[in-house]
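Chain by chain, the residues run as shown.
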Amino acid sequence: QKEVEQNSGPLSVPEGAIASLNCTYSDRGSQSFFWYRQYSGKSPELIMSIYSNGDKEDGRFTAQLNKASQYVSLLIRDSQPSDSATYLCALRNKLVFGAGTILRVKS
Amino acid sequence: EAEVAQSPRYKITEKSQAVAFWCDPISGHATLYWYRQILGQGPELLVQFQDESVVDDSQLPKDRFSAERLKGVDSTLKIQPAELGDSAMYLCASSLVQGSGETQYFGPGTRLLVL
């Protein structure tokens with residue numbers, strides 16, 4: 001079992017819709033998580049970090065953490081074509097990344 | 001805005017040849033990371049430095065890969081000999097301090113193609 005699991009996608013959503021990206025992890029002791037966005041051929045860029053159970057909002061992005069169920073999610077509201085990228089979930093304490101989910105926002 | 005610098009950006013080599021990648025972290029960042037990212041996968045940590053010391057190189061294939069950060073600033077990652085399976089993006093990242101909550105800043109990466 002991989003430490004971090006993500007659906008590879010692609011996840012296709014229409015412009016203006018909410019995109020929901022999910023990530024599950026196997027180590028119950030994991031405490032902190034990051035979401036990165038990676039455009040094709042580019043390096044990852046940090047979107048958000050989350051350490052506590054519940055929701056954390058930053059602009060159009062909301063990260064959700066549920067430690068009991070061992071999943072982390074990222075919601076993107078009002079999705080734009082420029083949001084089309086691969087989204088990587090990462091366990092910060094172990095420096096382990098998921099394989100990423102490809103998001104495609106159709107105009 | 002300070003950035004992590006990497007060179008070269010692209011490298012094409014033949015198998016069995018030696019290649020080297022260079023990384024200059026953001027000034028003042030004590031922690032430096034080298035990752036390998038194969039197409040369609042997430043980055044995989046190869047080595048982590050704290051200043052000039054190796055903190056974690058458990059995933060580094062030491063029979064062919066080596067990494068150094070002699071003065072605790074810039075770093076070099078070497079592959080000798082290169083194999084076809086080494087074709088990937090090699091990413092360098094740095095963070096201010098080592099810690100579970102510290103943000104990593106990635107460089108643009110070096111894309112390696114082994115023929």
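None of the values given here were measured: they were computed from a predicted structure. All residue numbers refer to position in the chain's written sequence, counted from 1. A letter from A marks each chain and a number from 1 marks each ligand, given out in the order of writing. In view of the model being predicted, local features appear only for residues whose pLDDT reaches at least 70, and side-chain atom pairs are presented and counted only at 80 or more, with totals across whole chains, interfaces and linings using the full set of residues. Only hydrogens and water are set aside; all other atoms, that is, all heavy atoms of the structure, feed into the side-chain values.

**Looking at the interface of chain B and chain A**
Phase 1: In this complex, chain B contributes 22 residues to the contact, which on the side of chain A involves 16 residues.
Phase 2: Taking both partners together, chain B and chain A bury about 1300 Å²; carbon and sulfur atoms supply 53% of that area.
Phase 3: Whenever a carboxyl oxygen of Asp or Glu lies within 4 Å of a side-chain nitrogen of Lys or Arg, that contact is scored as a salt bridge. At the junction of chain B and chain A, the tally comes to 0 salt bridges.
Phase 4: Definition of a polar contact: a pair of N or O atoms within 3.5 Å, with one able to donate and the other able to accept a hydrogen when the atoms are protein atoms, and with sequence-neighbouring residues admitted only if both atoms are side-chain atoms. Our count for the contact surface shared by chain B and chain A stands at 3 residue pairs in polar contact (both at pLDDT 80 or more).
Phase 5: Strands are runs of DSSP state E lasting at least two residues, helices are runs of H or I lasting at least four, and both sets are numbered from the N terminus onward. If you list the elements that add at least two residues to the side of chain B that touches chain A, you get strand S4 (31-37), strand S5 (44-50) and strand S9 (88-95) of chain B.
Phase 6: Of the residues in the side of chain B that touches chain A, the class split is 8 nonpolar, 12 polar and 2 charged. Contacts are assigned to residue pairs that have any heavy atoms within 4.5 Å of one another. When two parts are brought into contact, each loses some accessible area as probed by a 1.4 Å sphere; the total of that loss over both is the buried area. Lys, Arg, Asp and Glu make up the charged group, whereas Ala, Val, Leu, Ile, Met, Phe, Trp, Tyr, Cys and Pro make up the nonpolar group; the residues left over, Gly among them, are polar.

**Some points on the side chain of Asp86(B)**
Residues and elements named next belong to chain B.
Phase 1: Its location among the elements puts aspartate 86 in the loop between strand S8 (75-79) and S9.
Phase 2: Partly exposed residues are those whose accessible area sits between 20% and 50% of the maximum for their type, while under 20% is buried and over 50% is exposed, using a 1.4 Å probe and protein chains only. A relative accessible area of 2% means that aspartate 86 is categorised as buried.
Phase 3: In contact with aspartate 86, not counting residues within four places along its chain, are Arg36, Arg64, Phe65, Ile79, Pro81, Leu112 and Val114.

**Observations concerning the packing of aromatic side chains**
Phase 1: The pairing test for Phe, Tyr and Trp rings, Trp by its six-membered ring, is centres within 6.5 Å, and the orientation test on the planes gives stacked under 30 degrees, edge-to-face over 60, and tilted for anything in between. This structure, assessed with the given rule, holds 9 aromatic pairs over all chains.
Phase 2: Three or more aromatic residues link up through ring pairs in this structure, and these residues are Phe34(A), Tyr36(A), Phe97(A), Tyr33(B), Tyr35(B) and Phe106(B).
Phase 3: Look at NZ for Lys and CZ for Arg. If either is within 6 Å of the ring centre and within 35 degrees of the ring normal, a charge sits over the ring. Sitting over the face of the ring of Phe61(A), Arg60(A) holds its NZ or CZ atom 5.5 Å from the ring centroid.

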